[in-house]
Amino acid sequence: MAEAKKEPRGWKDLPLSALPYKLSLEYKTGSWRAFRPVIDQSKCIKCMNCWLYCPDFAVLWDGERVSVNYEYCKGCGICAHECPVNAITMVPETKKA
Amino acid sequence: MSGGKVPKIPLEKQVRMAVNGDEAVAYAAKHSLVDVVAAYPITPQTIIVEKFSEFVADGEVHTEFVPVESEHSAMSAVVGAAAAGARAFTATASQGLALMWEILYIASSLRLPIVLAVANRALSAPINIHCDHSDAMGMRDASWVQLFVENTQEAYDTTIQAFKIAEDPEVLLPVAVNLDGFVLSHTLEDIYMLPEEEVHKFLGGYRKVTGKTYVDYLGKEVEVKLDPANPLSFGPLDLYDYYFEHKVPQIKALEKAKEVVKRVNEEWYELTGRRYGDGVIDAWGVEDADIIVTVLGSTAGTVRHVARQLRKEGVKVGVLRIRLYRPFPFEEVANAIKGAKVVGVMDRALSFGSFGPSYLDISAALYGLKERPLLVNYVYGLGGRDVPPSLVRRMFEELIKVKEEGEVKEPLKLLGVRE
């Protein structure tokens, strides 16, 4: 039963009830984004407000600098709104970085 | 009731009590060791939860009683309770059932074995508190098992059976027990209940979660319930990629439900000496009948009474009561009525712009046959309009005329309405 099932699966290979077979980690939501948050590291004071407010846990902290996980960030812009030093800009996805 | 075999619990060991239909359902829920009841009062269902709340207040049950602010919340609360592994029960009628509608689909597609008692009542407007089946027919496509009872005794028996049917590992679907508002809900009848511990035994004690499934990310088979040790998300997003596939097991489970309803009906017979036809249909005199009337709910008694008189007068008539409405027992119904010349299909509801709901099902059941009886749909008793034997007799007389003429001039008749 544990062997990998062919995808997309047929109904017999789905769990009972309306249950998912994958963790939500496997559902990448970054493609939903229309604007991406870009952090100006020279302005960032590492207060972590963006990390605190991000509804998708998409703000990362590696011990030195703040970054965004673009695989999950949906581009809601809450981080940019909450940043006390305006270090985060929402850039349209249609523009190159 | 059928005689013959001695039941495991003979009548003298059963508890005889005078109760109305609602109280019978409340006692059945009490005897069924329900863990959670969430409900909102609405006529003619109110007595069910009123009586049950007395059991709670008197400490006679272990049940968590949730007095919610609406029926939408009642169904939502029992969905949560059932997902956590509880045996959950609620009851409603009419507008209350209409307000539950959104969550009814969620309960069934999450495969939660909830039991819902519906004291059937007309839908507004105008406001009407009396019996018809419009409320229940509004949920016929919601992937629930729907049973219609004929009397108070059956209301008690069927409510207990409903838990067994719902929790069967091959079914795992919610079950609605329909009893006619006022006609059954408020009418005192002398019935036999089982000693409580016998019901416990019949249901195997408290609910055990019977649904098990393999979940890839956990790498094992787990019980289908909310459990922090094995976290599951119930019903997250599914688009065109998987939604269709997720509906198939529901279809299969409903197919199984019919057999389980029959089996539980037989188990109940062995235990109590009571059974209701084969569980899905309850036929009277259909074998050699030229004219058969099909009917749901308490009106079956009146129709049978008139049919007996007609038999005495030499008219070959039969009555088919449909006990299981969803899943619809197509095969059983077709076999029971296919030999007749004319079939009158009684519906206490109307699919406006179409026919009565059971007429549509019965038409579908007969269509595949080479030779089939003529069908006439009688919509009757809307808003609690009384259905006396004289009216039923008039219907039979019309059906006799259809048989003589050999054709149906008016396929949809409104029985007992004033011009």
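Scroll up to find the structure this text is about.
Residues numbered from 1 in each chain as written. Chains lettered and ligands numbered in written order. Predicted model: local features only at pLDDT ≥ 70, side-chain atom pairs only at ≥ 80, totals over all residues.

*Asks:* Would you mind going over the environment of Leu116(B) with me for this structure?
*Replies:* Residue and element names in this part refer to chain B. Checked against the element boundaries, Leu116 lands in strand β5 (residues 115-120). In this structure Leu116 comes out as buried when scored by C-beta crowding, with 27 C-beta atoms within 10 Å. Sequence separation between Leu116 and Gln146 is 30 residues, and the spatial gap between their C-alpha atoms is 9.5 Å. For Leu116, the contacting residues outside a window of four places in its chain are Thr90, Ala91, Thr92, Pro174 and Ala176. (Helix = DSSP H or I, 4+ residues; strand = E, 2+ residues; numbered from the N terminus. Buried ≥ 20, exposed ≤ 12 C-beta atoms within 10 Å, placed from the backbone. Contact = placed C-beta atoms within 7 Å.)

*Asks:* Looking at this structure, I do not really get the interface of chain A and chain B. What am I missing?
*Replies:* Interface size is often expressed as the accessible area that is lost when the parts come together. Listed by partner, the interface residues are 16 residues for chain A and 22 residues for chain B. Class assignment for the residues of the side of chain A that touches chain B results in 12 nonpolar, 2 polar and 2 charged. (Nonpolar A, V, L, I, M, F, W, Y, C, P; charged D, E, K, R; others polar.)

*Asks:* I tried to follow helix α11 (residues 357-367) of chain B on my own but got confused; where do I start?
*Replies:* Residues lying three or four places apart along an α-helix face the same way, a consequence of the helix completing one turn every 3.6 residues. Looking at α11(B), one finds that the buried residues are Pro357(B), Ser358(B), Tyr359(B), Asp361(B), Ile362(B) and Ala365(B). Residues of α11(B) that are buried make contact with α5 (134-137), β12 (291-295), β13 (317-322), α10 (330-337), β15 (342-347) and β16 (374-380) of chain B.

*Asks:* Please explain the sheet that holds β5(B) as it appears in this structure.
*Replies:* Within a beta sheet, neighbouring strands are joined by backbone hydrogen bonds and run either parallel or antiparallel to one another. All names here are of chain B. Overall, mixed pairing links the 7 strands, which are arranged β3-β2-β4-β5-β7-β6-β14 in an open sheet. Pairing within the sheet leaves two strands with one partner each, and these edge strands are β3 (64-67) and β14 (324-326). Between one strand axis and the next, the sheet turns through 20° on average, direction left out of account. As paired elements, strand β6 (residues 145-148) and β14 share 2 bridges and run antiparallel to each other. In the strand pairing of β14, Leu147 is matched with Leu324. Seen against the sheet, helix α2 (residues 46-57) touches β2 (36-39), β3, β4 (88-92) and β5 and runs at an angle of roughly 135° to β2. (Pairing = 2+ DSSP bridges. Axes fitted to C-alpha atoms, helices over the stretch in contact; angles between N-to-C directions.)

*Asks:* I'm lost on the pairing of β3(B) in this one. Help?
*Replies:* Consecutive side chains of a regular strand alternate in pointing toward one face of the sheet and then the other. Residue and element names in this part refer to chain B. Bridging between β2 and β3 involves 4 bridges; their strand directions are parallel. Bridged to Ala39 within β3 is Pro67. Since β2 and β3 lie parallel, the crossover through α2 that links them has a hand, and here it is right-handed. (Right-handed = clockwise from strand over helix to strand, strands pointing away.)

*Asks:* Would you mind showing me how to read the nonpolar core here?
*Replies:* When a protein is soluble and globular, its nonpolar side chains tend to lie buried together. All names here are of chain B. Of all hydrophobic cores here, the largest spans 137 residues; its most connected members are Val25, Val78, Ile165, Val175, Val177, Ile292 and Leu320. With 8 residues, helix α3 (residues 71-83) is the single largest residue contributor to this core. Both of domain 1 (11-208 + 254-272) and domain 2 (281-415) provide at least three residues apiece to this core. Leave out the neighbours within four places in its chain, and Ile165 touches Val145, Val171, Val175, Ala257, Val260, Val261 and Val264. (Core = buried A, V, L, I, M, F, W, Y, C linked by C-beta atoms within 7 Å. Domains from an automatic or database assignment.)

*Asks:* Is there a simple way to explain the sheet that holds strand β11 (residues 281-284) of chain B in this structure?
*Replies:* All names here are of chain B. Spatial strand order, β11-β13-β12-β15-β16-β17: 6 strands in an open sheet with mixed pairing. Pairing within the sheet leaves two strands with one partner each, and these edge strands are β11 and β17 (412-415). For this sheet, the mean inter-axis angle between neighbouring strands, taken without regard to orientation, is 20°. Examined bridge by bridge, β16 and β17 share 4 bridges and lie parallel to one another. Note on β17: the bridge partner recorded for Asn377 is Leu412.

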